[in-house]
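Fold and geometry: a report
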Amino acid sequence: MWGDAEQVCEEWGGYLASVSSAFENAHVASYAKTVLKTSVYWLGGSTYLAQESPYYNWTWTDGANMTYNRWARNQFCVIYDDCCLIQNSTDQYWYISSCKAGAPTYPYICELLAPTTADLVSIHSQEENQWLVDFLNKKDIGASWIGLYNPRVTGKWEWTDGTPVDFTSWGDNEPAPNTYCTFLIMNDYPEDNEYKYKWYAQDLDELTAGVCNTQPTRKPTTPPFSNKCDPTWQYYDLMKKCYKNMIFDETFHQCRASCQQVEADLPTIHSAEENELLIDFIVLSADNEVGLNTWIGLYSPNLDGNFKWIDGSPLNFTSWAAGEPQTFTYSAVLNTQGSARGKWTTLASDYMVGCFCAKNSY
């Protein structure tokens, strides 16, 4: 049972694993697949600790806020039931399982607390890069993960500790497209080899050493009561709304009907910040290539190039691509990839593109 797994983790000085980002989610799935050789396992999310709440209140057992989720479609928890979280390492999605006696038993992943917290190392100068190489040479390590990653697989690389990317040392033709992580080449290569000291992009499943930066201990905090959305929806405080990527392609009118079936509608966008937040949400929640470019609730009822929001809210912000909007088109799409990222383009309403929905929070 989930409770037994959590008890074992606590006896070891930790908790069932929590996940706070797409990077962590992919890392946990990769660990389960390559090290544990298992596809389904408990994580530390549950409603078990919040059963006094009149609403869904998913929490992590380590006290961290559930600020990220990767729910599979059609996952629902009955109010007052004890629901716990399992992950599938194949698709990396989260699924709901009962916590009660007689429920299925799964393997589990613990996260152990240490006197300090740490992160993969970030590098901000040639001097730091060289120092790290010298340090790892002494350990006889030929290559090491560093904390540079591509969380949305869009080519926008970031340090895992949030510091700015103000220095790089990429090898030739790097970073490779559609890769997630970065490693630094050390002394596996001859002194005059051009690959030495360079950074190379790689998939998560590659097994390589890593170097950590330690930070002061940060105690877990008890999450505030949060019942803004159903557990399969993502809440954004900026818009005070809940969002869900339906992860299938539909026509404009089919998409709107799908949204209305779940008491929602096509989303509206009223600032550049909202636009960027929704791009990140779509990319992180998309299933491979499905759902990456999506309908928004902008339409031209008279096909004359004059667009308005489907909910009647003011059109006080636009992000049209060059040459847009076009006349004789009814609907608009938010693009999340390539040179058109963040731009809106018009499209005939009978085209099949991604669908995501918005509704008011509780």
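The structure contained in this document is the topic of the report that follows. (Residues numbered from 1 in each chain as written. Predicted model: local features only at pLDDT ≥ 70, side-chain atom pairs only at ≥ 80, totals over all residues. Heavy atoms only, no water.)

All right, on to the sheet that holds strand β5 (residues 94–98) then. Reading across from one edge, β3-β2-β4-β5 is the order of the four strands in this open sheet, with antiparallel pairing throughout. A strand with exactly one partner marks an edge of an open sheet, and here the two such strands are β3 (59–60) and β5. Where strand β2 (residues 40–46) and strand β4 (residues 83–88) come together, four bridges link them in antiparallel fashion. Bridge pairing in β4 places Val40 opposite Asn88. (Pairing = 2+ DSSP bridges. Helix = DSSP H or I, 4+ residues; strand = E, 2+ residues; numbered from the N terminus.)

Let's shift gears to helix α1 (residues 2–11). Within α1 the residues assigned to the buried category are Trp2, Ala5, Glu6 and Cys9. One face of α1 carries all of its buried residues, which in axial projection span an arc of 100°. Buried residues in α1 make contact with β1 (14–16), β2, β4 and β6 (110–112). Downstream of α1 by a residue or two, Gly13 has a phi angle that is positive, lying close to 95°. (Buried < 20%, exposed > 50% of the residue type's maximum accessible area, 1.4 Å probe, protein only. Arc of directions from axis to C-beta. Contact = heavy atoms within 4.5 Å.)

Here Thr90 lies in the loop between β4 and β5. Since its relative accessible area comes to 62%, Thr90 is described here as exposed. Remark: the alpha-carbon pair of Thr90 and Ala29, spanning 61 residues in sequence, is separated by 7.5 Å.

Among the secondary structure elements, Ser18 is positioned in the loop between β1 and α2 (22–36). Residue classification places Ser18 among the buried residues on the basis of a relative accessible area of 11%. Side chain to side chain, Ser18 and Asp62 meet in a polar contact 2.7 Å long. Look past the residues within four positions of Ser18 in its chain and what remains in contact with it is Glu24, Trp60, Asp62 and Glu111. (Polar contact = N/O pair within 3.5 Å; in protein donor to acceptor, adjacent residues only side chain to side chain.)

What follows covers the pattern of salt bridges. What the rule picks out here adds up to five salt bridges. For Lys240, the salt bridge identified is with Asp237, shortest N-O distance 2.8 Å. Classification of Asp237 by relative accessible area gives partly exposed; the value is 47%. The shortest N-O distance in the salt bridge between Asp265 and Arg256 comes to 2.9 Å. Members of the salt-bridge network, linked through shared partners, are Glu276, Asp280 and Arg341. (Salt bridge = Lys/Arg side-chain N within 4 Å of Asp/Glu carboxyl O.)

Our focus in this paragraph is the nonpolar core. By size, the foremost hydrophobic cluster in this structure holds 21 residues, and its most contacted members are Tyr243, Ile269, Ile296, Leu298, Leu334 and Trp344. The set of elements that each furnish at least two residues to this core consists of α5 (272–285), β16 (294–299), β18 (331–334) and β20 (353–360). A per-element tally of this core places α5 first, with five residues. The next biggest cluster of nonpolar side chains, apart from the first, holds 18 residues, and it includes Trp233, Cys259, Ile310 and Val353. (Core = buried A, V, L, I, M, F, W, Y, C linked by side-chain atoms within 4.5 Å.)

Another point: the state of the cysteines. One pass over the full model with this rule turns up four disulfides. For Cys259, the disulfide goes to Cys357, at an S-S distance of 2.0 Å. The chirality of the disulfide connecting Cys259 with Cys357 is left-handed, given an S-S dihedral of about -85°. Taken as a pair, Cys259 in helix α4 (residues 252–261) and Cys357 in strand β20 lie far apart in primary sequence, 98 residues in all. In this structure Cys357 comes out as buried when scored by relative accessible area, which is 0%. (Disulfide = S-S within 2.5 Å.)

A separate point is the environment of Ala22. Inspection of the secondary structure assignment puts Ala22 in helix α2. With relative accessibility at 15%, the residue Ala22 sits in the buried group. In sequence terms Ala22 and Asn69 are 47 residues apart; their C-alpha atoms lie 8.4 Å from each other.

A contiguous nonpolar patch, built from Tyr31, Val35 and Leu36 and spanning about 240 Å² of accessible area, is present on the exposed surface. Residue placement: Tyr31 occurs in helix α2. A relative accessible area of 36% places Tyr31 in the partly exposed class. (Patch = residues over 30% accessible without salt bridge, like charges linked within 9 Å, V, L, I, M, F, W, Y side chains within 5 Å. Areas by Shrake-Rupley, 256 points an atom, 1.4 Å probe, with all protein chains shown as cover.)

It is worth spelling out unusual backbone geometry at this point. Generally, phi is negative for residues other than glycine and the peptide bonds are trans, each holding for most cases. The omega torsion of the bond from Glu174 to Pro175 falls at 0°, within 30 degrees of zero and hence cis. Note on placement: Pro175 falls in the loop between β9 (158–159) and β10 (181–185). Here the residue pair Glu324 and Pro325 is connected by a cis peptide bond, since its omega of 0° sits within 30 degrees of zero. Structurally, Pro325 can be placed in the loop between β17 (308–309) and β18. Phi is positive for Gln92, close to 65°, though the residue is something other than glycine. Position of Gln92 among the secondary structure elements: in the loop between β4 and β5. Residue classification places Gln92 among the partly exposed residues on the basis of a relative accessible area of 25%.

Everything listed here is a matter of geometry and, on its own, says nothing about what the molecule does.
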